[in-house]
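Secondary and tertiary structure notes
Now for the letters of each chain:
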Amino acid sequence: ELSHKLKMALGCLAQGHAALLLLLPSVLGLRVGSKLGSKSQAPVEPSLASDYDFIMGNAQEQTFSKEALLEDIALAHQYQKKSDALWGTLDQESFKNYVLPYQVATEAPSKWRAEFHEKFWPEVKDKSKKEAVRFLNRAAFSYLNVSYKADYPGHKPDQNPSESRDLHYASCTGLSIILVSACRSVGVPARLAMTPAWVTTSQPEEGKNGLSAKDQNHSWVEVFVDGKWHYVGASEDTALDKTWFTAQASKAKRRSEGDYKHSIYAVTYAKSDDTLPAPWDESKTVNVIEVVDRYSK
């Protein structure tokens, strides 16, 4: 049918009916320039209106159809009911900021929620929330066949899960986006945490794990478990709050003490009073809250 319609459109062009080409998108069943929340689409169901308004009110300029957004919101509610029954009811602020959003940071939108939930929920529904996070930190990367690599053909630091699966590699930011998405798909509030630059010296021991005296950013994941935020490195099979960078993170400083780059921040979907250049791509910005006090000693 599409081929027939295309032939009709090309026939119009051949016969000089240029005006008819204005109808080409509708003839082919395409939407042109459809942006997140396009007013030309169906009205929002009352039960989804509040969350739809929240997503729309804090959205970055990314192309995402209204239908896809509403479908994602509905799935988030459906899945959250299951996780609430298992792990206890989640407060609305945590749900809206750290489960509901389809974006983790600055990555292009992708439809990960349904696929991840269908894959991982059967495996985590008999686990504690803490056990679920550790399982996901292994299973998500095995499932997508993605591992860490600093540089590779097609590299983009803020890849979405689909892009990372296609390339089989991701940066620390890309890995963190995968783990946050997997956690959110089963109702575990999760967010990306990062430092624009580690506090480093020229001491030899700080050359471990890729650190040096040169400024170096890093991204990881925070999860809300047992009433508090914990941190974990993406694609690292370790317990919560115990990673290779724990000692390094303890040296971070509040932005009020000097360079903002040496503090630690968590990315929030809701617009905040604190907006920073994304360390992985300073042409983009992220809404953040400063969380350094939980790391520094």
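Below: a short report on this structure. (Residues numbered from 1 in each chain as written. Predicted model: local features only at pLDDT ≥ 70, side-chain atom pairs only at ≥ 80, totals over all residues. Heavy atoms only, no water.)

Before going further, it helps to examine the sheet that holds strand β8 (residues 281-290). In space, the six strands of this open sheet follow the order β5-β4-β3-β6-β8-β7, with antiparallel pairing throughout. Each edge of the open sheet is held by one strand with a lone partner, namely β5 (228-232) and β7 (275-278). Going from strand to strand, the sheet's axes swing by 45° on average, the running direction of each strand aside. Both strand β4 (residues 218-225) and β5 contribute to a ladder of five bridges, which runs antiparallel. Across the sheet, V225 pairs through a bridge with K228, a residue of β5. Across the sheet, helix α7 (residues 129-144) lies against β4 and β5, angled at about 150° from β4, the strand it touches most. (Pairing = 2+ DSSP bridges. Helix = DSSP H or I, 4+ residues; strand = E, 2+ residues; numbered from the N terminus. Axes fitted to C-alpha atoms, helices over the stretch in contact; angles between N-to-C directions. Contact = heavy atoms within 4.5 Å.)

For the structure shown, the criterion picks out 13 salt bridges. Across the salt bridge formed by R294 and E222, the nearest N and O atoms sit 2.4 Å from each other. Residue R294 is found in the segment after β8, and its partner E222 is found in strand β4; the two are separated by 72 residues along the sequence. The class for R294 is partly exposed, based on a relative accessible area of 38%. (Salt bridge = Lys/Arg side-chain N within 4 Å of Asp/Glu carboxyl O. Buried < 20%, exposed > 50% of the residue type's maximum accessible area, 1.4 Å probe, protein only.)

In this section: the environment of V223. With respect to the helices, strands and loops of the structure, V223 is situated in strand β4. A sequence separation of 34 residues divides V223 from P189, and the C-alpha atoms of the two residues are 5.8 Å apart. Discounting chain neighbours no more than four positions away, the residues touching V223 are V133, C183, V188, P189, A190, K228, W229, H230 and L240.

So, about the pairing of β8. Relative to β8, strand β6 (residues 265-267) runs antiparallel, the two being bridged by three bridges. Bridge pairing links A266 to I289 in β8. Two strands pair when backbone bridges link them, and β7 and β8 are joined in this way by four bridges, in the antiparallel orientation. Paired with A278 across the two strands is D281, which belongs to β8. Joining the antiparallel neighbours β7 and β8 is a turn of two residues.

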